[in-house]
Amino acid sequence: MLQIEEAQAMLTAQVQKIEETERVSLAEAYGRVLAEDAAARRDQPPFPRSPLDGYAVKAADVASASKESPAVLQVIGKIYAGTAFAGTVGAGQAVRLMTGAPIPEGADTVIRQEDTLAEAETVQIFASSEPYRNYCFQGEDYKAGTVLLQKGRRLNAGAIAVLSSLGAAEVSVYRKPRVAVISTGDEVLAPGTPWSPGKIYDSNRAYICARLAEAGNPPVISMHAADEGARVAEEIRKAAAQADFVITTGGVSVGEKDILHEVVRLLPAEKLFWKVRIKPGSPTLAFVYQGTPVLCLSGNPFGAIANFELLARPVLAALTGQQDWLLEKEEAILQNDFKKPAGARRFLRGCLKDGRVSVNSENQASGAVASMANCNCLIEIRPDMAGAQAGETVTVYRF
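Residues numbered from 1 in each chain as written. Predicted model: local features only at pLDDT ≥ 70, side-chain atom pairs only at ≥ 80, totals over all residues. Heavy atoms only, no water.

Enquirer: Is there a simple way to think about the pattern of salt bridges in this case?
Expert: Here the idea is simple: oppositely charged side chains can pair when their charged atoms come close. Inspection of every chain in the model, using the stated rule, returns 20 salt bridges. The shortest N-O distance in the salt bridge between R205 and D202 comes to 3.2 Å. For the pair formed by R205 and D202, the shared burial category is buried. R211 serves as the salt-bridge partner of E214, at 2.3 Å between the closest nitrogen and oxygen. With E214 and R211 both in helix α3 (residues 203-214) and 3 residues apart, this pair spans about one turn of that helix. The class of E214 is exposed, set by a relative accessible area of 58%. (Salt bridge = Lys/Arg side-chain N within 4 Å of Asp/Glu carboxyl O. Buried < 20%, exposed > 50% of the residue type's maximum accessible area, 1.4 Å probe, protein only. Helix = DSSP H or I, 4+ residues; strand = E, 2+ residues; numbered from the N terminus.)

As structure tokens, then:
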């Protein structure tokens, strides 16, 4: 039986990072991974500009200006943001300009509007200024040729803003990983289907699909298959032809309806492992079919959830080269007791806040779903721990 880290290594060894690229519009680029360096084609700003409303002047003309003794300058023009001025500011002259407007040649400072009094053809300046005060230099933000975003970074809102400032209408990104999710079990019903005795609604597939969508990567296939080996094998064949990674839930233990072992033979596929030394979700199966890794999770809801977080995420990180697919690991102080001995490496549902973590519910059974509603982390209980007590430091894996 494998440790989690061994299972992770065996799975990720089957994965090649996606190198296919596509061009998408900037509106579609959020959350995508940049496939090329983004370099500036021109300086930003592309001209000296004013950071405020006021007057562009020569600093020498206002060196001794004050409220008691204002400098009086001739106004030779007005510039709005988005327009330009063809002339040059000479001695004793000023140009009225608005925030964002280009500073005209000859001027080396901007006097804010509040320190002036406009007259018919002149302006009184009541404040002195040294050169280049209130002056945004050309290229102050970045220079032409500067690489602003490097290939391989995930595009957040700030990166999108940078690309937009470059004038990019579209960008080259890596193709998203294609993930197929298949739940199995004759007892499983799709939400919205009338309930009948012996049936349960499918929460496993809903959770996995939601977690993928949360990362901007909804599955390319999401379906349910009945407990029939040949049928499940056929669905996995179809899924593997379209997907980089296939995830199934259910049918991995030792009962008569645990048909994924039969599926491995029917495909046929190369089995990587069966069973991981973990509670819950120990009977986890993994195999490779025609180059596509297939991870078969427990049908018990929390067994499926825990092993999706611990085993599927590393595969997605390997496919994309993005480590933010992985759970964040940290230490926290436990706020309540969990008295059941671990026996094996156990993961509990928890709520983490400000370095403190609480076990969500006393009902940590693998079939329990309700305690996931407020769960934002997994709490690790080591095999050598006789349960866990409030005040202990524990390792948590934050969602």
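Enquirer: Help me out: how do you make sense of the sheet that holds strand β21 (residues 356-359) in this one?
Expert: Each strand in a sheet pairs with its neighbour through backbone hydrogen bonds, running either in the same direction (parallel) or in the opposite one (antiparallel). Strands sit in the order β19-β21-β20-β22-β23 around a closed barrel of 5 strands; the barrel is mixed. Taken over all neighbouring pairs, the strand axes of this sheet differ in orientation by 50 degrees on average, direction set aside. Both strand β19 (residues 328-334) and strand β23 (residues 393-398) contribute to a ladder of 6 bridges, which runs antiparallel. Opposite E330, over in β23, you have V396 as the bridge partner. (Pairing = 2+ DSSP bridges. Axes fitted to C-alpha atoms, helices over the stretch in contact; angles between N-to-C directions.)

Enquirer: Any chance you could explain unusual backbone geometry here in plain terms?
Expert: Negative phi values dominate among residues other than glycine, just as trans dominates among peptide bonds. In this structure, the amide linkage connecting Q44 to the following residue, P45, adopts the cis form with an omega of -5 degrees. For the bond from L267 to P268, the omega torsion is -15 degrees, close enough to zero to count as cis. Along the chain, P268 falls in the loop between α5 (260-266) and β16 (270-274). Of note, Q290 is a non-glycine position whose phi angle comes to about 50 degrees, a positive value. Tracing the sequence through the fold places Q290 in the loop between β17 (285-289) and β18 (292-297). Although it is not a glycine, D354 sits at a positive phi angle of roughly 55 degrees. Here D354 lies in the loop between β20 (346-353) and β21.

Enquirer: Looking at this structure, how should I read the pairing of strand β3 (residues 54-57)?
Expert: Looking down a regular strand, the side chains alternate between one sheet face and the other. Across 4 bridges, β3 lies against strand β5 (residues 93-97) in antiparallel orientation. Residue pairing for β5: G54 is matched across the bridge by L97. In the sheet, β3 pairs with strand β6 (residues 109-112) via 4 bridges, with the strands oriented antiparallel. Note that in β6 the partner of A56 across the bridge is V110.

Enquirer: Help me out: how do you make sense of helix α6 (residues 301-320) in this one?
Expert: Three- or four-residue spacings in an α-helix give side chains the same orientation, since the helix completes a turn every 3.6 residues. An ideal rise of 1.5 Å per residue puts 28 Å on 20 residues; α6 measures up with 27 Å between its terminal C-alpha atoms. The axis of α6 is deflected most strongly, by about 40 degrees, at F308. Across the 20 residues of α6, 19 count as buried, placing the element largely inside the fold. Phi turns positive one or two residues past the end of α6, at G321, with a value near 75 degrees. (Expected span 1.5 Å × (residues − 1). Bend = angle between axes of the 7 residues up to and from the residue.)

Enquirer: When you look at the packing of aromatic side chains in this model, what are you seeing that I'm missing?
Expert: Remark: the centre distance and the inter-plane angle together describe each pair of aromatic rings, the angle taken between the planes. The full count for this structure, using the stated rule, is 5 aromatic pairs. With a centroid separation of 6.5 Å and an interplanar angle of 85 degrees, the aromatic rings of Y207 and F308 are classed as edge-to-face. Highlighted residues: Y207 in helix α3 and F308 in helix α6, separated in sequence by 101 residues. On the basis of relative accessible area, Y207 is assigned to the buried category, the value being 17%. Relative accessible area serves as the criterion here: at 0%, F308 is assigned to the buried category. Feature note: the residues Y132, Y135 and F137 constitute an aromatic cluster, connected by ring pairs. Geometry around Y174 places K17 over its ring, the cationic atom sitting 3.9 Å from the centre. It is K275 that lies over the ring of W274; its NZ or CZ is 4.7 Å from the centre. (Phe/Tyr/Trp six-rings, centres within 6.5 Å; stacked < 30°, edge-to-face > 60°. Lys NZ or Arg CZ within 6 Å of the ring centre and 35° of its normal.)

Enquirer: Can you help me understand the environment of A94 in this one?
Expert: Relative to the helices and strands, A94 is located in strand β5. The exposure class of A94 is buried, given its relative accessible area of 0%. Separated by 18 residues in sequence, A94 and I76 place their C-alpha atoms 6.2 Å apart.

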